[in-house]
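What follows is each chain in one-letter form.
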Amino acid sequence: NLEQARQLASQAGAAFLAVMVDDRGADFHHDRQLLQARLRELGVPWVAADDQLVPSDRWPQLRYPIDTHWNVQGHKEAGAALAPWVRPLLARAQG
């Protein structure tokens, strides 16, 4: 339950950020749109890894070819791209 996750994070003094992975087809896209709408309703910040973090033409080099999970470089680039999203949440949680 997203609301419970957000509340648990808040009670622990933490911020909650949902990170969406890449869009993998029509069914996934529809489900992701529903999830994003629910996150907006709850006021939960979110970021889409495939749209907002790393340019789509970079992802082939950042994934393992067999199962498409992020490789070491993919984790590094996603982490570096997430930092600007996470820093304000950390400051808010600490303030």
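Within any chain, residue numbers begin from 1 and follow the written order of that chain's sequence. Residues qualify for local features only when their pLDDT is at least 70, as the model is predicted, and side-chain atom pairs are given and counted only at 80 or more; totals for whole chains, interfaces and linings, by contrast, use all residues. Excluded from the side-chain calculations are hydrogens and water; all other atoms, namely the structure's heavy atoms, are used.

S.K.: I would appreciate a short explanation of the environment of Asp 50 in the present structure.
M.R.: Helix and strand definitions follow DSSP, with helices as H or I runs of at least four residues and strands as E runs of at least two, each counted in order from the N terminus. With respect to the helices, strands and loops of the structure, Asp 50 is situated in helix α3 (residues 49-53). When a residue's accessible area, from a 1.4 Å probe over protein chains only, is under 20% of the maximum for its type it is buried; when over 50% it is exposed; and in between it is partly exposed. The class for Asp 50 is buried, based on a relative accessible area of 12%. Measuring from C-alpha to C-alpha, the distance between Asp 50 and Val 21 comes to 6.3 Å, with 29 residues separating the pair along the chain.

S.K.: So what exactly am I meant to see when it comes to the layout of surface pockets here?
M.R.: Grid points spaced at 1 Å over the protein atoms alone were grouped into cavities, where a 1.4 Å probe fits but cannot get out, and pockets, open sets with protein on both sides within 12 Å along at least five of seven lines, with lining residues defined by an atom within 4 Å of a point. Grid points are joined across faces, edges and corners, and a volume is the space filled by probe spheres set on the points. Approximately 180 Å³ is the volume attributed to the largest pocket. Lining the largest pocket are 12 residues, and of these Arg 6, Ala 14, Ala 15, Phe 16 and Arg 92 lie nearest its centre. Only α1 (2-11) and α4 (72-94) provide two or more residues apiece to the lining of the largest pocket.

S.K.: Sorry, what's going on with helix α2 (residues 26-42) here?
M.R.: The end-to-end C-alpha separation of α2 is 25 Å, in line with the 24 Å expected for 17 residues at 1.5 Å each. By the burial criterion, the buried members of α2 are Arg 32, Gln 36, Leu 39 and Leu 42. Down the axis, α2 shows its buried residues gathered within 120 degrees of arc, on one side only. Among the exposed residues of α2, those oriented more than 90 degrees off its buried face are Ala 26, Asp 27, Arg 40 and Glu 41. Backbone geometry just after α2 places Gly 43 at a positive phi near 75 degrees. Multiplying one less than the number of residues by 1.5 Å gives the expected span of a helix. Each direction from the helix axis to a C-beta atom contributes to the arc, which is the arc of those directions.

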